[in-house]
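Residues per chain, in single letters:
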Amino acid sequence: MLRTKALPLLQTHIAGYPLVARRAHQLASIKHVCVFPERRRQALLYPFNSLEEHLSSQVCFMGRSNVGKSSLIRALFSLAPEVEVRVSKTPGHTKKLNFFTVGKAFTLVDMPGYGHNAPRDFVEMVEPYLLDRQNLVRTFLLVDGGAGLQKADLVAVEMCEEFNLPYVLVVTKIDRTRRGALLALALQLRDFIKNQTSTCFPQPFLVSSVQFSGIYLLRCFIAHVTGNLQLDAKQS
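Reading guide: rules and limits
- Residues numbered from 1 in each chain as written.
- Predicted model: local features only at pLDDT ≥ 70, side-chain atom pairs only at ≥ 80, totals over all residues.
- Heavy atoms only, no water.
- Helix = DSSP H or I, 4+ residues; strand = E, 2+ residues; numbered from the N terminus.
- Expected span 1.5 Å × (residues − 1).
- Buried < 20%, exposed > 50% of the residue type's maximum accessible area, 1.4 Å probe, protein only.
- Arc of directions from axis to C-beta.
- Contact = heavy atoms within 4.5 Å.
- Pairing = 2+ DSSP bridges.
- Axes fitted to C-alpha atoms, helices over the stretch in contact; angles between N-to-C directions.
- 1 Å grid on protein atoms, 1.4 Å probe; cavity = no way out; pocket = protein on both sides within 12 Å on 5 of 7 lines; lining within 4 Å.
- Points joined across faces, edges and corners; volume = space filled by probe spheres on them.
- Nonpolar A, V, L, I, M, F, W, Y, C, P; charged D, E, K, R; others polar.
- Salt bridge = Lys/Arg side-chain N within 4 Å of Asp/Glu carboxyl O.
- Patch = residues over 30% accessible without salt bridge, like charges linked within 9 Å, V, L, I, M, F, W, Y side chains within 5 Å.
- Areas by Shrake-Rupley, 256 points an atom, 1.4 Å probe, with all protein chains shown as cover.
- Lys, Arg positive; Asp, Glu negative; His and termini not counted.
- Charge placed at Lys NZ, Arg CZ, Asp CG, Glu CD.

**Student:** Can you break down helix α8 (residues 179-196) residue by residue, with the values?
**Tutor:** Since there are 3.6 residues in each turn of an α-helix, residues three or four apart along the chain are aligned in direction. With 18 residues, α8 extends 25 Å from end C-alpha to end C-alpha; this agrees with the ideal 26 Å at 1.5 Å per step. Inspection of α8 places Leu-182, Leu-185, Leu-189, Phe-192 and Ile-193 among the buried residues, and these make up the whole buried set. End-on view of α8: buried residues confined to an arc of 95°, all on one side of the axis. Exposed residues lying more than 90 degrees from the buried face of α8 are Leu-183, Lys-194 and Asn-195. Next to the buried residues of α8 lie β4 (136-144), α7 (151-162), β5 (167-172) and β6 (205-206).

In structure tokens, the structure reads:
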């Protein structure tokens, strides 16, 4: 009944469709676009091309809730005042993708933690970003030094592998882990990366956000993969 009453009104609007709008609608036709000058044609067909030079490289950090992600990001970028990461005592307080611009160098993406305290729409948020973001140069997957690789971590690894993403394993909280257990985990991760991954960086990073162990090395690596630190390839 509603459709029957609305139809005459809709037809009236179509009949009175402005001439300018009808002409603009012709731009949807490839036939009309092809006769335009090259510059205008490219702008119509590829409207985002002109923005590519302004899209900085991105790195993202992901891991289980309570893996120490916020603490690590705050330690890594303690000299970048624009990166203000709040560290909560309650695991899983990050519920959305947080973007931080690190000067003009690159953009840092803080992802919500997965696992027990993950937000319900975690997959809907994270998968499209990882799959479609062309300027994502590296994903940093955090692993708790005391717990080692968990089932949720293996799911994250599988996702990175499936999407063919370059990623890095980062072992956190090494100040809380016994040396023997840490050595065993490092050897386990070395074999895991070698035998069960294809896009993972061969060397895991071991860090402590409390003692700053490994922080400076990881900083240099991030600067390198984002194009802000050129390494000398010459062999001494």
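What follows picks up the thread again.
**Student:** Run through the sheet that holds β5, naming residues and quoting values.
**Tutor:** The six strands are arranged β2-β3-β1-β4-β5-β6 in an open sheet whose pairing can be described as mixed. Looking at strand neighbours, the two that pair on one side only are β2 (98-102) and β6, the edges of this open sheet. In the sheet, β5 pairs with β6 via two bridges, with the strands oriented parallel. If you follow Val-170 over to β6, its bridge partner there is Phe-205. Helix α6 (residues 122-132) contacts β1 (57-63), β2, β3 (106-110) and β4 of the sheet and is inclined by roughly 145° relative to β1. Packed onto the sheet, helix α9 (residues 215-225) meets β1, β3, β4, β5 and β6 and runs at close to 155° relative to β4.

**Student:** Pulling in residues and values, what's your account of the pairing of β1?
**Tutor:** For β1, the buried fraction is high: six of the seven residues fall into the buried class. Here β1 pairs with β4 via six bridges, running parallel. Across the sheet, residue Gln-58 finds its bridge partner in β4, namely Leu-136.

**Student:** Residue-level account of the environment of Ile-73, with values.
**Tutor:** For Ile-73, the position within the fold is in helix α5 (residues 69-76). Along the chain, Ile-73 and Ile-215 lie 142 residues apart, while their C-alpha atoms are 9.8 Å from each other.

**Student:** Outline the layout of surface pockets, listing residues and values.
**Tutor:** By volume, the second largest pocket is sized at about 190 Å³. Around the second largest pocket, the lining residues are Met-62, Tyr-114, Phe-122, Val-123, Glu-127, Ala-152, Val-155, Ala-156, Met-159 and Glu-162. Elements supplying a minimum of two residues to the lining of the second largest pocket: α6 and α7. Its residues assigned to classes, the lining of the second largest pocket comprises eight nonpolar, no polar and two charged.

**Student:** Tell me about the pattern of salt bridges, and name the residues and values.
**Tutor:** Counted according to the given criterion, the structure contains four salt bridges. In this structure, Arg-64 and Asp-153 form a salt bridge, with 3.7 Å as the shortest nitrogen-oxygen distance. Of this pair, Arg-64 sits in the loop between β1 and α5 while Asp-153 sits in helix α7, placing them 89 residues apart in sequence. A single burial state applies to Arg-64 and to Asp-153, both of which are buried. Of the charged contacts, one joins Lys-173 and Asp-144 as a salt bridge, the two residues approaching to 3.6 Å between their closest N and O atoms. One end of the pair, Lys-173, is in the loop between β5 and α8; the other, Asp-144, is in strand β4, and 29 residues separate them in sequence.

**Student:** So, a negative patch on the surface: which residues are in play, and what are the values?
**Tutor:** A cluster of like negative charges, contributed by Asp-121, Glu-124, Glu-127, Glu-158 and Glu-162, occupies part of the molecular surface. Only α6 and α7 provide two or more residues apiece to the negative patch. Within the secondary structure, Glu-127 is located in helix α6. Its relative accessible area of 34% is what places Glu-127 among the partly exposed residues.

Purely geometric numbers; function is a separate question.
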